[in-house]
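Spelled out, the chains give:
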Amino acid sequence: MNYNVDEKGYYGDFGGAYIPEMLYPNVEELRQNYLSITADPDFKKQFDELLKVYVGRPTPLYFAKRLSEKYNTRIYLKREDLCHTGAHKVNNTIGQILLAQRLGKKRIIAETGAGQHGVATATVCALMGIECIVYMGELDIKRQAPNVARMKMLGAEVRPAQSGSKTLKDATNEAIRDWINNPVDTHYIIGSVVGPHPYPDMVARFQAVISEETKWQLEETEGRNYPDHVIACVGGGSNAAGLYYHYLNDERVNIITVEAAGKGIDSGESAATSALGKEVIIHGSKTLLMQTPDGQITEPYSISAGLDYPGVGPMHAHLFRSQRAEFISIPDQEAMDWGLTLSQMEGIIPAIETAHAFAALDARKFGPEEVVVFNCSGRGDKDLDTYIDYFKL
Amino acid sequence: MNYNVDEKGYYGDFGGAYIPEMLYPNVEELRQNYLSITADPDFKKQFDELLKVYVGRPTPLYFAKRLSEKYNTRIYLKREDLCHTGAHKVNNTIGQILLAQRLGKKRIIAETGAGQHGVATATVCALMGIECIVYMGELDIKRQAPNVARMKMLGAEVRPAQSGSKTLKDATNEAIRDWINNPVDTHYIIGSVVGPHPYPDMVARFQAVISEETKWQLEETEGRNYPDHVIACVGGGSNAAGLYYHYLNDERVNIITVEAAGKGIDSGESAATSALGKEVIIHGSKTLLMQTPDGQITEPYSISAGLDYPGVGPMHAHLFRSQRAEFISIPDQEAMDWGLTLSQMEGIIPAIETAHAFAALDARKFGPEEVVVFNCSGRGDKDLDTYIDYFKL
Amino acid sequence: MNRIDQKFKGDKKLLSIYFSAGYPNLEDTVPVLKKLQVAGVDMVEIGLPFSDPLADGPTIQESSTQALRNGMNTEKLFSQLDGIRKEIEIPLVLMGYFNPMMQYGIEKFCQRCESIGIDGLIIPDLPVDVYHEHYKTLFDQHGLYNMFLITPQTSDKRIRYIDQVSNGFIYMVSSASVTGAKNTFGKTQTDYFQRIQKMELNTPTVVGFGISNAETYQAATKESRGAIIGSAFIKFLKEKGVENIPEFIQSIRD
Amino acid sequence: MNRIDQKFKGDKKLLSIYFSAGYPNLEDTVPVLKKLQVAGVDMVEIGLPFSDPLADGPTIQESSTQALRNGMNTEKLFSQLDGIRKEIEIPLVLMGYFNPMMQYGIEKFCQRCESIGIDGLIIPDLPVDVYHEHYKTLFDQHGLYNMFLITPQTSDKRIRYIDQVSNGFIYMVSSASVTGAKNTFGKTQTDYFQRIQKMELNTPTVVGFGISNAETYQAATKESRGAIIGSAFIKFLKEKGVENIPEFIQSIRD
Ligand SMILES: Cc1ncc(COP(=O)(O)O)c(C=O)c1O
Ligand SMILES: Cc1ncc(COP(=O)(O)O)c(C=O)c1O
C-alpha cells in the first residue's frame, strides 16, 4: 500500500479539498504551484539555508542513555525542541513564507491554538518584513499569555476569535473567513497537516526534513538508516507526519501515534480522535473528527493546548484506518508525569504535547535491541504555568 | 600583548585565587587537574558529543539581512539562543559536569541570578543523575519564577539566599559557604568567568567553542576566518569570553563589550562596571567591581537579571584596563527597545542581556564592508514578563 | 418541472430570502416561511445550522449558533417541514454545510428532501467537481437541484464548467467575501455583474452576499435574475420579530 | 616582643574571643573590649565588618551586616581604637576580609594598626602564598603578625609551609566549614587535633570554629594551645548585652 497522498489529494478515503467556491482560486493556485515551486533549486537552496542558519537544523538525534537503560531498549529523541521558537512548527512556516513570497503575497494570516504556530508564523513574517495577522480563540488568548506576548513582540496582530467555543477550531474558521475576504494578496499559513489539499501534503513535505535527517543520523549511530519504531504525538499531526514521512512505505518501521485522552476517553473531555472520531468534513478535508451524532463538531479537551484539536489530518486518518499506525490515547495525568520524568531523567523539559508521546513507553514493550525514535516536538517553556499549577512547584 | 591567563592565574593585574584556606584543597584540586582532564581525548570526545547531540551545536552563524541593510554593514548573529536551555550557559555546565564526574564528585552546587545558569546546571545534573543544589537570592526567586519552576522540574533543590541584598552576589556567597562546608564530595559549578583561578580560565575554555565555530563558519561565508568586530554583553563575562576567545590575540579583530548602565551611569542604579568599578577582591579574584569608597560591595542594578552583577571577570577587567576592548554602557531603555527591534526585524526575541549588545549599532558606526559578529547569547522567553510589563503588550 | 425553473420563466426579477432554521426560536421555521410567502418573496433558502459555518459572516454565524442552542438539528428540521407543501408553494432550498448531511446519510437526506418537497440544495463546502463525480446522480434521482457559487475571482473557464453542471440557478457571490450586509456596491461589483451577464450562461444567475436594502437589491438585479438577502433579513428578524416580516420585504421591493 | 608571643609563653590554655566591631551598637567596640579583658580572656579578634563575608556562617554574617548598618567602617574602627592601649593590655587581632583593607591602602592600613598597637591580623581571603610574596615584608616592618588558617583537609605539606611563614599562632579550623557554634566535636575532629599535635609545629595552634561551651572548649584545647569563640559569643551578646559578658566567659572556663 502507498501511504502518500494521491493525485487527487486523498490519503485512501481521506483528504480532498472540500472548500467553498470563494476559496477555490486561492487553493487552486497553491495546488498548481506548490510542487513546482518547492522543487525549484532556488527555493530548495533558500529553504535549506534558512533551516540551517536560522532554525538551527539539523536538530540532533539524541540517544537518551538513562531512559534507554530504564526501559531496556534503544531510545533516541529527535530534538525539534531545539528549533528556533521552540518546536517543529517553524519548519513549515519557513517553507510557506518562501512559497508565499514566490506567489507574490503581501499579507499572511494564520490560526493558532497554543500559540506555537502563531509564534512561528509571526517569526517568519518578521524575518521577511511581511504583515502578519494571527487568529486565536479568545479563550486561548487568555490561557496562553506568553505566546500572545511573543507574537506581539514580533510585530504580529493577534485577532481574537469570538465565535463558537473561542478556541482553535474557531480561530481556524476566522482565518478561513479572512482568506475568503482577501483572496488575492493574502496567503494563509496553516499550522498542521490539516485543511484542504494541498495543505496536508505541503505541510508534511516541509516537515519531512525531520525524517530526512533521522535517516542519515541513524545511519551514523546505528549503521542502518531506519529505526524499529517511530513515535509521535498528534494534534493535527504535523510533527508526526514529519517523523514518519520517509518511513511511511517502509514496513520495517512500526508507527505509533499518541493522541490526547484528556480526562479519559469516556469522560466526554478528550481529544482522542481515533477512539472517538468519525469520518467528517471539516476545515476543507475529509478526515476523522469528534462530532455529535448530528454532525456538529465537538469541542475537544486536553490539558495540552496543542493537542486540543477535535481531529487529525487526513494522512493520520488513513494511517489509522489502514492500521499502518498503532494509535494510543494518553490521559492528561500520564502525560504530565512524563513531563516530569523526562525533565529529571534527561534534563529536557518537554512541551506537554511532546510528553504524551513518551507515555508509549509504559503502554508498549520494546526489545533491548530495538531502536525507538521519539519526536521531541517541542520544549516545555510555554507550558511552565501549567506544570507549576499541576505539580505545585 | 597576550590576553590569555598566565601561569599564576592572572590576566595582567587581575585574577588570582583569593580564597579562604578552607577552599584551598578544592580549588587546588581543580587547578591541578582542569588542564589535563580537559585535554584528555576521552573527555574531549564526550564533551564534543554532548555539545552536538544534547546542546545542539554547532549553533548557526546567522547573517542578519534586514539588520545589515538598515545599518549598512555585514551583521552576523552567533545563535547561542538556540542552545538547549536557551543560552550559552550550558556550554560551561556540560564541561564542568564532566569534569566533576572525573574528579569523583557526587554533589553539585551552583549560584544563579536570572536562573539561566541554575537551569543549565540543573539540566546537566538531571542528565547525569547527580544531586543538584542551586543557591538563588530570595528576591530573584520571586522575580524569576519560571526559571525556579524549571529548576524544580529538573529535580534540583533551589535554596534561597537570605543574606545581604538577597540577589546574585549573596547567592554566590552562599554557594561558596556550602562548598566550604562540603569540601570533599561537592563540585561548585560557577556560571561565569568569575571566581578564583582556575574558574575564569576554565569557564572561558568551555565557552571558547563559540569562537571556535565562528572561525570556520566565517571562513565558509566570508572567505576569512575572522570578523572586524566582535560584540557581546557582559554580566560576569562568559558569553563575551566565549566569542572573543580565539580572537583575543588577533589584533585585526576589534572587541566591543557592552555593559548595563541600568537607569544611567550616574543614577546610582547601574551595573556599569568599567565606568564605575574599581580594583577589588571579591568572590576569589581581583577584578573590577562597583564598591563604596570603604570597600564594601555595592548592589548593582539592571533591568536584566543576568547583567545585574557588580563586577566583571578578571579577563574583562584586563581587556578594559589594557584598552584591548572598547566598553559601552547601555541603559535599560535602549536595551529594551533593541529587544523589540530585533524581534520585529529578524524574528528573534533576544534575552534582555543579549539585547544590550545590539545597542552598539547605535553607539558606533561600522563600514559597509565590515563584518560584525554579535553574540546572540540567549533567547527572551525568560524575559517575557519584563517585556510585557515594559511595553504593555 | 422543478419549482425553481418555473420561477425563472419570464423576466421577473426575483427576491430570495435566507434564514437559519430554528431562529430566533426553535419553532419559528414554519411561521417565518409562511410570512415570507405572504409578503411575496419568490424563493427561500432555509439554513441548516452548523457548528462551524466557515463561509458565513458574524450575523449568520450567530443565528446558526443560536439555532443549535435552541435545539435545531437535521431530523428536527425535517419534521418541522413535513407537510409544508400543503401551505407553501414557493421554491424551497436547503442551504447547509456538507458534514451534517453526510452524517445523516446523503441518500436518506435526499429521500427526506424529496418527500418533503424541497427543490434544491446549496452546499458551500461541497465543490462542484466532487458533486459532479459522486453525488449528482443521486440528487438527480430525487429531483433535487444543486446550486453552485461563483465569485469575482472565479475564472471564465470554471464558470462555464459550473454552468454546465448546474441546474436551477448560479449563486453569484457579490464580492469575494463571507456573507454579511453591505450598503452599496462599488465599481468592481458592477463590472463583475456585467462580465457575467455578457457570458450569456445557460443557467440564470442570482446575486447573494452583501444585499441589504432597496439600493443594493436594485443594483444586483440589474444584470441578474434575482438576489438573495440573508444577514440583513436575520438582523431585522432579531430586532423586529416574525410578525413584521412584510415590512422588511416591502422596504426592499419599493 | 609581640604581645601574642608573650601570651603563648608557658603552658596556659588560652581563650580568645571574636566579635564584630560596632556590634550590637556602633559605640560598643571599646566597652566590649574592656569587659572581655576584665572577664579574663587572653586575646581578642576584632572583626572588621564586610558586605560579603563568605567564610562566615549566619551568626557572624548577621552581626557584620548589623555593624555596617550601624555605620561601622575601617576609619571609624581605627578612630574608636585610637588610644586603646591606655586601657587594654591583652593582644588585639584585627580579623577582616582583604578588600576593605586594600581600598584603605594596605600600607596606610598597616601604619594605623601599628600606631594603635594592633598585634596581628587574620585575613581569611588572603592566601598564604600571596601574602608571602607581596605583603609579608610590609607587615613585618610594622610589627604586625599575620595568622593563617588550616583545616582538616589541609595537607601536611601545606601545613609545614604555613608553619614556616606564620608567626603568632596557627588558626586551626575545627572542621571544614564556615564559622558557627556547635555543641560537641566528633571523632574526626579529635583525630585531626591529634594529627596536628603530632606534627610538632613551630607555631602554636589555636582551635576556632564551632566552639560554644565548656565542653567544646575543653576538647579543643586538649591538643592545642587555645581556642577562639565567635558565633556563640555574638549570640550571647545579642541576647544578654555587653554588661553580662563575664557570665559568658565564666561558663566557658569553669
Ligand atoms: C510542541 C508541539 N508538539 C505537537 C503539537 C501538535 O501539532 P502537530 O500534531 O501538528 O504536530 C504542537 C502544537 O502546537 C506543539 O506545539
Ligand atoms: C542570555 C544571557 N546573556 C548573558 C548573560 C550574562 O552572563 P555572562 O556575562 O557570563 O555571559 C546571561 C546571564 O544569565 C544570560 O542569561
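Computed from a prediction, not measured in an experiment: that's the story for all the values here. (Residues numbered from 1 in each chain as written. Chains lettered and ligands numbered in written order. Predicted model: local features only at pLDDT ≥ 70, side-chain atom pairs only at ≥ 80, totals over all residues. Heavy atoms only, no water.)

Caption draft 1: Inspection of the overall build of chain A at higher detail. Secondary structure summary: chain A contains 17 helices and 14 strands in total. Here the C-alpha coordinates of chain A stretch approximately 55 × 45 × 40 Å along the principal axes. The burial tally for chain A puts 69% of its 393 residues in the buried class. Taking contacts inside chain A between residues at least 6 apart in sequence as the whole, the part at least 24 apart equals 73%. Of the roughly 11,900 Å² that chain A leaves accessible, carbon and sulfur atoms contribute 48%. One finds the centroid of the 39 positive side-chain charges in chain A at a distance of 2 Å from the centroid of its 51 negative side-chain charges. (Helix = DSSP H or I, 4+ residues; strand = E, 2+ residues; numbered from the N terminus. Buried < 20%, exposed > 50% of the residue type's maximum accessible area, 1.4 Å probe, protein only. Contact = heavy atoms within 4.5 Å. Areas by Shrake-Rupley, 256 points an atom, 1.4 Å probe, with all protein chains shown as cover. Lys, Arg positive; Asp, Glu negative; His and termini not counted. Charge placed at Lys NZ, Arg CZ, Asp CG, Glu CD.)

Caption draft 2: Focus on the site of ligand 1. Residues and elements named next belong to chain A. Within the structure, ligand 1 sits among 20 residues, and Ser192, Gly235, Gly237, Ser238 and Ser377 are positioned closest to it. Within the backbone of Gly237, an N or O atom sits 2.6 Å from an oxygen atom of ligand 1. One can see that ligand 1 is located within the second largest cavity. At the level of secondary structure, the elements contributing two or more residues to the shell around ligand 1 comprise α11 (238–244) and α15 (352–358). Taken together, the residues of the shell around ligand 1 break down into five nonpolar, 12 polar and three charged. (Near = heavy atom within 4 Å. Polar contact = N/O pair within 3.5 Å; in protein donor to acceptor, adjacent residues only side chain to side chain. 1 Å grid on protein atoms, 1.4 Å probe; cavity = no way out; pocket = protein on both sides within 12 Å on 5 of 7 lines; lining within 4 Å. Sits in = over half its atoms within 2 Å of the grid points. Nonpolar A, V, L, I, M, F, W, Y, C, P; charged D, E, K, R; others polar.)

Caption draft 3: Broad picture of the sheet that holds strand β7 (residues 157–161) of chain A. All names here are of chain A. Here we have four strands laid out as an open sheet, ordered β7-β6-β5-β8, and parallel in their pairing. The open sheet has two free edges, formed respectively by β7 and β8 (186–189), since each of these has just one partner strand. If you compare each strand with its neighbour and ignore which way they point, the axes differ by 25 degrees on average. Here helix α8 (residues 168–181) sits on the sheet and contacts β5 (107–112), β6 (131–137), β7 and β8; the angle it forms with β5, its principal contact strand, is near 160 degrees. (Pairing = 2+ DSSP bridges. Axes fitted to C-alpha atoms, helices over the stretch in contact; angles between N-to-C directions.)

Caption draft 4: Fine view of the environment of Met147 of chain C. All names here are of chain C. Relative to the elements of secondary structure, Met147 occurs in strand β5 (residues 145–150). When its relative accessible area of 1% is taken as the criterion, Met147 is described as buried. Each C-alpha atom of the pair Met147 and Val93 lies 9.2 Å from the other, and the pair is 54 residues apart in sequence. Apart from the residues within four sequence positions on either side, Met147 is in contact with Ile4, Val93, Gly120, Leu121, Ile122, Asn167, Gly168 and Phe169.

Caption draft 5: Region of interest: the interface of chain D and chain B. Across the boundary between the two partners, chain D contributes 36 residues, which contact 32 residues of chain B. Contact between chain D and chain B buries roughly 2,700 Å² in total, counting both sides, with carbon and sulfur atoms accounting for 54%. Looking at the side of chain D facing chain B, the largest losses of area belong to Asp52, Leu54 and Gln103 of chain D, adding up to 22% of the total buried there. One can count three salt bridges joining chain D with chain B. Notably, a salt bridge pairs Lys8 of chain B with Glu133 of chain D, separated by 3.4 Å at the nearest N-O pair. Where chain D meets chain B, there are 18 residue pairs in polar contact (both at pLDDT 80 or more). If you list the elements that add at least two residues to the side of chain D that touches chain B, you get α3 (58–70), α5 (98–104), α7 (128–141), β5 (145–150) and α8 (156–165) of chain D. Tallying contributions element by element places α5 of chain D first for the side of chain D that touches chain B, with five residues. Taken together, the residues that form the side of chain D that touches chain B break down as 21 nonpolar, 10 polar and five charged. (Buried area = accessible area lost by both parts, 1.4 Å probe. Salt bridge = Lys/Arg side-chain N within 4 Å of Asp/Glu carboxyl O.)

Caption draft 6: Seen up close, the site of ligand 2. Residue and element names in this part refer to chain B. Near ligand 2, the surroundings consist of 20 residues, among which Ser192, Gly235, Gly237, Ser238 and Ser377 are the closest. In the environment of ligand 2, an oxygen atom lies 3.0 Å from a nitrogen or oxygen atom belonging to the side chain of His88. At 2.7 Å from an oxygen atom of ligand 2 is found a main-chain nitrogen or oxygen belonging to Gly235. Its free accessible area being 390 Å², ligand 2 has 97% of it covered by the protein chains. Looking at the shell around ligand 2, the elements with two or more residues in it are α11 (238–244) and α15 (352–358). Broken down by class, the residue content of the shell around ligand 2 amounts to five nonpolar, 12 polar and three charged.

Caption draft 7: The arrangement of the chains, seen in detail. The assembly contains three pairs of chains in contact; the pair sharing the most contacts is chains A and B. Left apart from each other, chain A and chain D have a closest C-alpha approach of 27 Å.

Caption draft 8: Highlighting the relation of the copies chain B and chain A. Taken as rigid bodies, chain B and chain A are interconverted by a rotation of 180 degrees and an axial shift of 0.0 Å, the fit giving an RMSD of 0.0 Å. What the superposition gives is, in effect, a two-fold axis relating one chain to the other. Across chain B, the smallest distance between a C-alpha and the rotation axis is recorded for Leu82 of chain B, namely 3.1 Å. When the interface residues of chain B are mapped onto chain A, 100% of them again fall at the interface, so both copies present the same face. (Least-squares fit on C-alpha atoms with pLDDT ≥ 70 in both.)

Caption draft 9: Fine view of the side chain of Glu213 of chain B. Residue and element names in this part refer to chain B. Secondary-structure assignment places Glu213 in helix α10 (residues 209–222). The exposure class of Glu213 is buried, given its relative accessible area of 7%. Among all residues touching Glu213, those that are not within four sequence positions of it are Arg57, Pro58, Thr59 and Lys78.

Caption draft 10: Up close: the interface of chain B and chain A. Each partner contributes to the interface: chain B provides 43 residues, whereas chain A provides 43 residues. Across the interface of chain B and chain A, roughly 3,500 Å² is buried in total on both sides, 64% from carbon and sulfur atoms. One salt bridge connects Lys52 of chain A with Glu220 of chain B, and the closest N-O pair in it is separated by 3.8 Å. Counting across the chain B and chain A interface gives 14 residue pairs in polar contact (both at pLDDT 80 or more). Counting only elements with at least two residues in the side of chain B that touches chain A, the list comes to α2 (41–55), β3 (61–63), α5 (116–128), α7 (145–153), α14 (332–346) and α17 (384–391) of chain B. It is α14 of chain B that provides the largest number of residues to the side of chain B that touches chain A, a total of six residues.

Caption draft 11: Layout of the confidence of the model for chain C. Looking at chain C, the pLDDT average stands at 94 and 97% of residues meet or exceed 70. Scoring the predicted complex yields pTM 0.95 and, for the interface, ipTM 0.94. (pLDDT = per-residue confidence, 0-100.)

Caption draft 12: Geometry of the pattern of salt bridges. The tally for this structure, following the rule as stated, stands at 99 salt bridges over all chains. With a shortest N-O distance of 2.8 Å, Asp52 of chain C and Lys169 of chain A are connected by a salt bridge. Note that Asp52 of chain C is positioned in the loop between β2 (43–48) and α3 (58–70) and Lys169 of chain A in helix α8, a pairing that runs across two chains. Relative accessible area serves as the criterion here: at 1%, Asp52 of chain C is assigned to the buried category. Asp119 of chain D is the salt-bridge partner of Arg85 of chain D, the closest N and O atoms lying 2.8 Å from each other.

Caption draft 13: Examining a negative patch on the surface more closely. Among the surface-exposed residues, Asp385 and Asp389 of chain A together with Asp385 and Asp389 of chain B lie close enough to one another that they form a single negatively charged patch. Among the secondary structure elements, Asp385 of chain A is positioned in helix α17 (residues 384–391). (Patch = residues over 30% accessible without salt bridge, like charges linked within 9 Å, V, L, I, M, F, W, Y side chains within 5 Å.)

Caption draft 14: Expanded view of the packing of aromatic side chains. Residues and elements named next belong to chain C. Applying the stated rule across the entire model yields 54 aromatic pairs over all chains. When the centroid spacing of 5.2 Å and the interplanar angle of 70 degrees are considered together, the rings of Phe98 and Tyr135 count as edge-to-face. A residue pair is termed long-range when its members are at least 10 positions apart, and Phe98 in helix α5 (residues 98–104) and Tyr135 in helix α7 (residues 128–141) qualify at 37 residues. The class of Tyr135 is buried, set by a relative accessible area of 13%. Here Tyr171 and Phe209 contribute two aromatic rings whose centre-to-centre distance is 5.8 Å and whose plane-to-plane angle is 90 degrees, an arrangement assigned as edge-to-face. Here the residue Tyr171 occupies a position in strand β6 (residues 170–173), and Phe209 occupies one in the loop between β7 (205–208) and α10 (214–222), the gap between them amounting to 38 residues. (Phe/Tyr/Trp six-rings, centres within 6.5 Å; stacked < 30°, edge-to-face > 60°.)

Caption draft 15: Broad picture of unusual backbone geometry. Looking along the chain, the bond that leaves Arg57 of chain B and enters Pro58 of chain B is cis, with omega of -5 degrees. The backbone of Lys166 of chain B shows a phi angle near 60 degrees, a positive value even though the residue is not glycine. Examined against the element boundaries, Lys166 of chain B turns out to sit in the loop between β7 (157–161) and α8 (168–181). In this structure, Glu200 of chain C is a non-glycine residue whose phi angle is positive, near 45 degrees. Secondary-structure assignment places Glu200 of chain C in the loop between α9 (187–199) and β7. Residue class for Glu200 of chain C comes out exposed when judged on its relative accessible area of 67%.

Caption draft 16: Layout of empty space enclosed by the protein. There is about 510 Å³ of room inside the largest cavity. Of all the secondary-structure elements, those providing two or more residues to the lining of the largest cavity are β5 (107–112), α5, α8, α11 and α15 of chain B. Considering each element in turn, the lining of the largest cavity owes the most residues, four residues, to α8 of chain B. A class-by-class count of the residues in the lining of the largest cavity yields 21 nonpolar, 22 polar and five charged. Considered as a void within the structure, the second largest cavity measures approximately 440 Å³ in volume. Broken down by secondary-structure element, the contributors of at least two residues to the lining of the second largest cavity are β5, α5 (116–128), α8, α11 and α15 of chain A. By residue number, the principal contributor to the lining of the second largest cavity is α8 of chain A, which donates three residues. Class assignment of the residues belonging to the lining of the second largest cavity gives a composition of 14 nonpolar, 20 polar and four charged. (Points joined across faces, edges and corners; volume = space filled by probe spheres on them.)

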